[in-house]
Amino acid sequence: MKKYLKIALLVVVAAIFIFTFVFLYQKSKPKITVYETITPAVADLEKTTVATGKVEPRDEILIKPQISGIIDELYKEAGQSIRKGEVIAKVKVIPELGTLNSAESRVRLAELNAKQGETDFARIEKLFEDKLVSREDYEKAEVSVKQVREELQTAKDNLEIVKEGITKSSASFSSTLIRSTIDGLILDVPVKAGNSVIMSNTFNDGTTIATVANMNDLIFKGKIDETEVGRVHEGMPVKLTIGALQNLSFEAILEYISPKGVEENGANQFEIKAAIQVPDTVMIRSGYSANAEIVLERAEKALTLPESTIEFSGDSTFVYVMTDSVPAQKFERKQVKVGMSDGIKIVIKDGVDGKAKVRGAEKKDK
């Protein structure tokens, strides 16, 4: 029995010794690294920058009154289309007491002069009929009576303007009727009936009755970083995406780059504007947030590799091209000339052809 135990113990010891030897041998063997290989592919590349901003009408017109007073009636509201000359609101004039008294006094004085003028003219007219005065005196009297009549009418019109802001003879040119100056869409009517409004003058901008814009002439207004502003120019195509219209994109043309930057969050930003081409079937509202994608550089049908396969060393660039795969992969370091990159792929101008197998990432054991 003891003999069998000794034999078993020796077998176990031998097994442990052999296992340890094999394990240490395997650990001491050099590990063979296997890499993925990538063949250069022909592709179109674009390098773009994105500017954020908003869609706005090219011109928003502020409609202001030509006379101060109170909004008597509003005929339009935001969202309605309007034609040039259409009435938006009516202003009721509240006369200033001193001006009103002066106008009334002028009317009374004109009435007295007119009454005296009519009397004098009637007397001269009777004497002329009786051939007691010359035609010259009669004509002078006729001119005088016409003058006092005109002065009376002018005084009455002035009083009517002070009270109502308009005369009956000039109703079609009323300054109390606020009219649109362009064809377009009413974006905002910030006043209500009963609100006081003041006219625009040297000391005051005046009250805005409505904001009107031509929504068929829209622009994108955004900002671009100073690191990229030197690579864009007027006339470049722009692809516009609007947050509220996620499934649609619009073509635009860059038409303005600000000559002066504005510092924002520690970086200089330059304002840009692009004219948008909007189909008639799409409605875009003023103030929509949008992103403008501008193509800075483009390469068509170029030989490309993933940028991760490129080794950058100073001003030179290299790739590792496989020269043998049996019994193990072998790679040769080759210098290449590269072109533009879109951040993922890079153009290979010279150094390798489309049949080369370039070393990629290391394969991971599953």
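Structure's up top.
The following paragraphs examine the structure supplied in this document. Just so we're clear, the structure is a prediction, and the values are computed from it rather than from any experiment.

Mapped onto the elements, Ile124 comes out in helix α2 (residues 97–129). In the structure, Ile124 is positioned 14 residues away from Tyr138 in sequence and 6.1 Å away in space, judged by C-alpha atoms. Setting aside residues no more than four positions away along its own chain, Ile124 makes contact with Val133, Asp137, Tyr138 and Ala141.

Inspection of the secondary structure puts Glu104 in helix α2. Separated by 56 residues in the primary sequence, Glu104 and Glu160 place their C-alpha atoms 9.7 Å from one another.

Let us now look at the pairing of strand β6 (residues 87–92). With 4 bridges joining them, strand β4 (residues 69–74) and β6 adopt antiparallel strand pairing. What sits directly across from Leu74, in β6, is Ala89. One ladder, built from 3 bridges, connects β6 with strand β7 (residues 177–179); its direction is antiparallel. Along β7, the bridge assignment pairs Val87 with Arg179.

Within the structure shown, the criterion is met by 13 salt bridges. The partner of Glu56 in a salt bridge is Lys221, with the nearest N and O atoms 3.3 Å apart. Separated by 165 residues along the polypeptide, Glu56 in strand β2 (residues 41–57) and Lys221 in strand β11 (residues 218–225) bring together distant segments of the chain. Assessed through its relative accessible area of 23%, Glu56 is described here as partly exposed.

Take the side chain of Thr208 next. Mapped onto the elements of the fold, Thr208 is located in the loop between β9 (196–197) and β10 (210–213). A polar side-chain atom of Thr208 sits 3.0 Å from a polar atom in the side chain of Lys64. What Thr208 contacts, discounting residues up to four positions off in sequence, is Leu62, Ile63, Lys64, Pro190 and Val191.

Time to look at the sheet that holds strand β5 (residues 81–82). Within the open sheet, the 4 strands sit side by side as β3-β10-β8-β5. Their pairing is antiparallel. Lying at the two open borders of the sheet, with one neighbouring strand each, are β3 (60–63) and β5. In this structure, β3 lies alongside β10, joined through 4 bridges in antiparallel fashion. Paired with Glu60 across the strands is Ala213, a residue of β10.

Describing an aromatic ring pair means giving the distance of the ring centres and the angle of the ring planes. All chains considered together, the criterion is met by 2 aromatic pairs. With 5.8 Å between their ring centres and 90° between their planes, Tyr35 and Phe331 make a pair best called edge-to-face. With Tyr35 in strand β1 (residues 35–38) and Phe331 in strand β19 (residues 330–341), this pair connects stretches of sequence that are 296 residues apart. We classify Phe331 as partly exposed; its relative accessible area is 21%. Relative to Tyr138, the ring of Phe121 has its centre 5.7 Å away and its plane inclined at 35°; by these criteria the two rings are tilted. Of this pair, Phe121 sits in helix α2 while Tyr138 sits in helix α3 (residues 135–164); the two residues are 17 residues apart in sequence, bridging distant segments of the chain. When its relative accessible area of 14% is taken as the criterion, Tyr138 is described as buried. A cation sits over an aromatic face here: Arg359 above Tyr320, 4.2 Å from the ring centre.

Bringing the sheet that holds β9 into the picture now. Taken in spatial order, the 4 strands make up an open sheet running β7-β6-β4-β9, and their pairing is antiparallel. Single-partner strands in this sheet number two, and they are β7 and β9. Across 2 bridges, β4 lies against β9 in antiparallel orientation. Following the sheet pairing, Gly69 is matched in β9 by Val197.

Parameters at a glance
- Residues numbered from 1 in each chain as written.
- Predicted model: local features only at pLDDT ≥ 70, side-chain atom pairs only at ≥ 80, totals over all residues.
- Heavy atoms only, no water.
- Helix = DSSP H or I, 4+ residues; strand = E, 2+ residues; numbered from the N terminus.
- Contact = heavy atoms within 4.5 Å.
- Pairing = 2+ DSSP bridges.
- Salt bridge = Lys/Arg side-chain N within 4 Å of Asp/Glu carboxyl O.
- Buried < 20%, exposed > 50% of the residue type's maximum accessible area, 1.4 Å probe, protein only.
- Polar contact = N/O pair within 3.5 Å; in protein donor to acceptor, adjacent residues only side chain to side chain.
- Phe/Tyr/Trp six-rings, centres within 6.5 Å; stacked < 30°, edge-to-face > 60°.
- Lys NZ or Arg CZ within 6 Å of the ring centre and 35° of its normal.

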